[in-house]
Amino acid sequence: MEIAKNFDFEKYETEIYERWEKNKCFEPIKSDKQYSIIMPPPNATGILHLGHSIGLTIQDILVRFKRMQGYETIYVPGTDHAAIATESKVAQILGEQGIERNSLGREKFLEEVDKYVKNSQSNIIEQTKLMGVSADWSKLRYTMEEDISEQVQDIFIKMYNDGLIYRSGRIVNWDPNLETTVSDDELEYETKTDNFYYFQFGPVVISTARPETKFADKTIVVHPEDERYKEIIGKEFDVEWIEGTIKAKVISDECIDMELGTGAMTITPAHSLVDFELAQKHDLEIKQIIDLEGKIIPSVSKTCGGLSVKQARKKVTEILEEKGLVVKIDNKYKHNVAVNYRGGGTIEPQVMKQWWLDVNKKTINYKGKTLSFKEILQNVVRENEIKITPNRFEKNYFNWIDNLQDWCLSRQIWFGHRIPAWFKDGQIKVQIQSPGKGWQQDPDTLDTWYSAGMWPFTALGYPNTDLTDKFYPGSCLETGNDIIFFWVARMILFGTYVMNDIPFKDVYLHGMVVDKNGKKMSKTKGNGIDPREMIAKYGTDPLRLSLVIGSSPGEKLRLYEEKIATYKNFVTKVWNSVRFALMYTNSNETTIDNTKLNIQDKWILSECQNLINSVTENLESYRFSDAGNQIYNFLRNKLCDWYLEMSKVETNSAVVLHVIDACLKLLHPFTPMATTKLYSYINENELMLESWPEVKTELIFEEAKEMEKLIQTVTAIRRIKKEFDLQTDKQVPIKLQTQQKYIIESLEVIKKLSNSENIELSNNSEKLKLPSEHLSFATDIYLKLENLNNIQEQVEKTEKQLNKIEKQLTNFTNKLSNKKFTDNAPGDIIEKVETEKDKAQELLNNLIHKLNVLKECL
């Protein structure tokens, strides 16, 4: 059979993928059992990165596996509008052209966004296809499609009417850079070292890290049990402060930490959640100090109005120093500062009227129980309706959910799902269409995660039930462990509310892809890997393998180009092995005759059935790396290194074809491209639509275990020949003393694999004093050296090696005996020297043995 010498991925991959699409191979095939995965939608503005690549690979492995198992399988692709990211990107592009967003106005700006998204969408879709995913592109969705937007707004209205969404002035996370609110789970925290200030404030010393917020502070709060302040609780004082004398009152509250600073503090309710809650509790004035651009409001301060937060902090400190009110400044204060994970803008808490989702209101009927969103989110995981892999992330999940706060839904940006609310003369109406003349729609949009939370059912065409009846809830959600709160929890929330059912049964979380040293990849560090470049250089299959083998759920995966190149070599080895096997097999011989099987046939057939069983079990349990490793090791070691080499002596075509057929099917979910092309040489059917291999018990043989003795015998002959530099000498005399049936029957195979044509079987009673290997199963190997011409030459060569190793060993010993070295050298260096010494000692012993044997043969 004529087969190309290697897999030309540049030629075949596009051809194969286009054929799959043309023949509608990705569409569901009707069955009485279903399996569904909804692709986490990449940002419409994005490019393919390693986070996408690992997720797409794992999702596609599952989908291809289940499709071959006979499931009616659907893999729905889509893209996300990524509101803030997209708006920022378009505004940046326009800014580079000298066009300001506000000068365009909302409608024209959104037209520019729409143009940009349409262009970017096609890019990310084409890049996604590069990974070889078998997604049903006829069902491609976009989170800003008209019908999805309509459902997002309808569900908002329903939640509002159910009393679950409300509008209120509360403290929010405000990003002055992007000029929008940010939800709690979109925050990251950076540890910073700043000044911590102590100021005299009337009768007490207060402490704060933010002097710039203190202009309107008029309330001192202390703990009611703090003996230092008991006598002044409830009293008022005239206090000399930043811009003159103010009247301050002392109140008490148990929330105050007596150990922090001086135990006395003033509060700024408009710019701190704790202070805001205190103000509400004690009915205190809430006055805004900092505007939405992060500057001091001019009406608040004559001296600092218009200054940035940092400028005002410095100015306030200077004013208070001049007044003698600075008690001390601690310049080593470490604290966590909240930043927006998108763009890194420092968060400035603000009190604003926003739309909120109530997570604690017990009005939701879920499967016959009246619960709050928080309780539903707790119960579905706690009661194992949803299983999270790895399960250690359940602890992280509950740490977040158990402390869940109401969700701020509003975003002060233009691009996104417009909030369906209308205002007029202090009235609010929540509906899609305008109530009439004079009503103004809320300019805000909904948090991106609001619509993303509905993805498991909107991607299936909800409220149309054609697909949801079959494929909701989904079988598995595969995603990154960093968005378990951003996205996973929101999907559970909306799924249980809208569909009265969980959105998926299993959650599989992959970890972050890092470089070979475990460092996060970045362009600035120069350690990033562009998957598109790797695919262009090595092909899709090697990248997919490198992202799966060696990975564990939720753990960091080390990736580097050499690893991808290694799997390119593996794909080439598989190709060449199948090519070789098919070149020497008769494709008409497909029926295995058990009466014509030798020991190696029985062994490879038995091992193949074991492989089918273990790979299937591992894929069912999301142990992708284990499954990949088993296939890799079977193909590389058992099939290529042993069985196919043995088949050069005697070929059983039916066995070879059976094993190759099974291997290509098992490997297909991991490497769909090369396996598809190889399979086309033995079968005209489309591999991805073939049935998953099943274990055939009649092809498992008890005597297959005897093959291990044959392998050990060949290995021992190779080892003893290597010891005496005779690897290439086919004629060196070897005596094999054994009574093992399968070793005797396989003598020609042993000769072939050990590169030794002069092997004689010897009676076990014969006593030989030659270089030997004594094997545990009553088999001895003797190497006859007496008649070799180069023994003296080998003696001299071995003596030189011996002298060299003795010197190295002496050096290692002296170094380790040197107290100066052992006291000062790093532990890993000392350990390395000890390891080298042990290796040298072992080599020395082997050389002494070899030299003694050679001298006896002179």
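Position labels on residues start from 1 in each chain and follow its written sequence. It should be noted that, the model being predicted, local features are given only for residues of pLDDT at least 70 and side-chain atom pairs only at 80 or more, the latter also being counted only at that level, while totals for whole chains, interfaces and linings use all residues. Side-chain measures here rest on the full set of heavy atoms in the structure, leaving out hydrogens and waters.

Asks: What is the right way to read the side chain of S120 from this model?
Replies: To qualify as a helix, a DSSP run of H or I must reach at least 4 residues; to qualify as a strand, a run of E must reach at least 2; elements of each kind are numbered from the N terminus. Among the secondary structure elements, S120 is positioned in helix α5 (residues 106-129). Throughout this description, buried means an accessible area under 20% of the type-specific maximum (1.4 Å probe, protein chains only), exposed means over 50%, and partly exposed covers the range between. On the accessibility criterion, S120 (7% relative accessible area) is buried. Setting aside residues up to four positions removed in sequence, S120 forms contacts with A44 and T45. Only heavy atoms enter the contact rule, under which two residues are in contact if any of them lie within 4.5 Å.

Asks: What exactly am I supposed to notice about a positive patch on the surface here?
Replies: Exposure above 30% relative accessible area and the absence of a salt bridge qualify a residue for a patch, where like charges join within 9 Å and nonpolar side chains (Val, Leu, Ile, Met, Phe, Trp, Tyr) within 5 Å. The Shrake-Rupley method, run with a 1.4 Å probe sphere, supplies the accessible areas, and residue values consider only the shown protein chains as cover. Think of a salt bridge as a Lys or Arg side-chain nitrogen and an Asp or Glu carboxyl oxygen that are within 4 Å of each other. This count recognises Lys and Arg as positive and Asp and Glu as negative, with His and chain-terminal groups excluded. To locate a charge, the coordinates of NZ of Lys, CZ of Arg, CG of Asp or CD of Glu are taken. On the surface, K519, K520, K525, K556 and R558 cluster together into a patch of positive charge. Examined against the element boundaries, K525 turns out to sit in the loop between β26 (513-514) and α15 (531-538). By relative accessible area, K525 is classed as exposed at 57%.

Asks: Where do I start with the packing of aromatic side chains in this structure?
Replies: Ring pairs (aromatic) are described by centroid distance and by the angle formed between their planes. Here a Phe, Tyr or Trp ring, Trp counted by its six-membered ring, pairs with any other such ring whose centre lies within 6.5 Å, and the pair is stacked when the planes are under 30 degrees apart, edge-to-face when over 60, and tilted otherwise. In total, this model carries 30 aromatic pairs according to the counting rule given. Look at F7 and W575: their rings are 5.4 Å apart centre to centre, the planes differ by 35°, and that puts the pair in the tilted class. With F7 in the segment before α1 (9-22) and W575 in helix α17 (residues 561-583), the pair connects residues that are 568 residues apart, well separated along the chain. With centroids separated by 6.3 Å and ring planes inclined at 75°, the aromatic side chains of Y35 and Y71 adopt a geometry described as edge-to-face. Of this pair, Y35 sits in strand β1 (residues 34-38) while Y71 sits in the loop between α2 (50-68) and β2 (72-76), and the two are 36 residues apart along the sequence. Here Y35 falls in the buried class, since its relative accessible area comes to 7%. Ring pairing ties together the aromatic residues F156, Y160, W355, W407, Y450 and F494, which thus form one cluster. Geometry around Y71 places K33 over its ring, the cationic atom sitting 4.5 Å from the centre. Whether a charge lies above a ring is judged from NZ of Lys or CZ of Arg, which has to be within 6 Å of the ring centre and within 35 degrees of the ring normal. The positively charged end of R382 is found above the aromatic ring belonging to F398, 4.5 Å away from the centroid.

Asks: Would you explain the nonpolar core in this entry?
Replies: L547, L619, F624, V659 and F670 are the most contacted members of the largest nonpolar core, which has 130 residues in total. In terms of residue count, helix α19 (residues 624-647) provides more of this core than any other element does, eleven residues in total. Each residue touching F670, except ones within four places of it in the same chain, is listed here: I61, R544, L545, V548, L619, F624, A627, G628 and I631. Think of a nonpolar core as a cluster: buried Ala, Val, Leu, Ile, Met, Phe, Trp, Tyr and Cys residues, connected wherever their side-chain atoms sit within 4.5 Å. The next biggest cluster of nonpolar side chains, apart from the first, holds 61 residues, and it includes L164, L377, M454 and F486.

Asks: Looking at this model, I keep getting lost on the sheet that holds strand β10 (residues 236-241). Mind explaining?
Replies: By definition, the strands of a sheet pair up through backbone hydrogen bonds, in either a parallel or an antiparallel sense. Any two strands are treated as partners once DSSP identifies two or more bridges connecting them. Read across the sheet, four strands follow the order β10-β11-β9-β12 without closing on themselves; strand pairing throughout is mixed. The sheet is open, and its two borders are formed by β10 and β12 (264-266), each paired with just one other strand. Each neighbouring strand pair of the sheet contributes to a mean axis angle of 35°, computed without reference to strand direction. In this structure, strand β9 (residues 219-222) lies alongside β12, joined through three bridges in antiparallel fashion. What counts as an axis is a line fitted to C-alpha atoms, over the stretch in contact for a helix, and the angles between N-to-C directions run from 0 to 180 degrees.

Asks: What am I meant to see in the packing of α1 against helix α21 (residues 672-679) here?
Replies: In helix packing, the relevant descriptors are the interaxial angle and the interaxial distance, both defined with respect to the helix axes. At a minimum axis distance of 10 Å, the contact between α1 and α21 shows a crossing angle of 80°. Relative to α21, the element α1 is oriented roughly perpendicular. In contact with Y12, E13, E15, I16, Y17, R19 and W20 of α1, α21 contributes P672, M673, T676 and K677. A per-class count over the contact of α1 with α21 returns six nonpolar, one polar and four charged. Relative orientations are named as follows: roughly parallel for angles under 35 degrees, roughly antiparallel for angles over 145 degrees, roughly perpendicular for angles from 65 to 115 degrees, and oblique for any other angle. Under the convention adopted here, Pro, Cys and the residues Ala, Val, Leu, Ile, Met, Phe, Trp and Tyr are nonpolar, Asp, Glu, Lys and Arg are charged, and Gly plus all remaining residues are polar.

Asks: What should I look at first to understand the pairing of strand β25 (residues 504-510) in this one?
Replies: It is a general feature of regular strands that their side chains alternate between the two faces of the sheet. Among the seven residues in β25, six count as buried, and that is most of the element. Judged from the three bridges that link them, strand β17 (residues 387-389) and β25 form a sheet pairing that is parallel. For T389, the partnering residue across the bridge sits in β25 and is Y508. Where strand β24 (residues 474-480) and β25 come together, six bridges link them in parallel fashion. When the sheet's bridge partners are listed, G474 is paired in β25 with F504. Between the parallel pair β24 and β25, the chain is carried across by helix α14 (residues 484-499), and the sense of this crossover is right-handed. Call a crossover right-handed when, viewed with both strands pointing away from you, the route from the first strand across the helix to the second goes clockwise.

Asks: Just to check I follow, could you spell out the packing of helix α10 (residues 393-401) against α14 for this structure?
Replies: Running from N to C, α10 and α14 cross one another at 80°; their axes reach a closest spacing of 11 Å. Considered as vectors, α10 and α14 are oriented roughly perpendicular to each other. Between α10 and α14, the contacting residues are F393, N396, Y397, W400 and I401 on the first element and I484, F485, A489 and I492 on the second. The residue makeup of the contact of α10 with α14, split by class, is eight nonpolar, one polar and no charged.

Asks: Got a minute to help me understand the side chain of S31 in this structure?
Replies: Looking at the element boundaries, S31 is found in the loop between α1 and β1. Two N or O atoms count as a polar contact when they lie within 3.5 Å, although within protein this holds only if one can serve as hydrogen donor and the other as acceptor, and sequence-adjacent residues are included solely when both atoms are side-chain atoms. Within the structure, the side chain of S31 is placed 3.3 Å from the backbone nitrogen of K33, a separation counted as a polar contact. For S31, the side chain forms a polar contact with the main-chain oxygen of G70, separated by 2.8 Å.

Asks: Got a minute to help me understand the sheet that holds strand β21 (residues 427-430) in this structure?
Replies: Judged by pairing direction, the sheet is antiparallel, and its three strands sit side by side in the order β21-β20-β22 without closing on themselves. With one partner strand each, in any of the chains shown, β21 and β22 (440-441) form the two edges of the open sheet. By the bridge criterion, four bridges tie strand β20 (residues 421-424) to β21 in an arrangement that is antiparallel. Bridging from a neighbouring strand, W422 pairs with K429 of β21.

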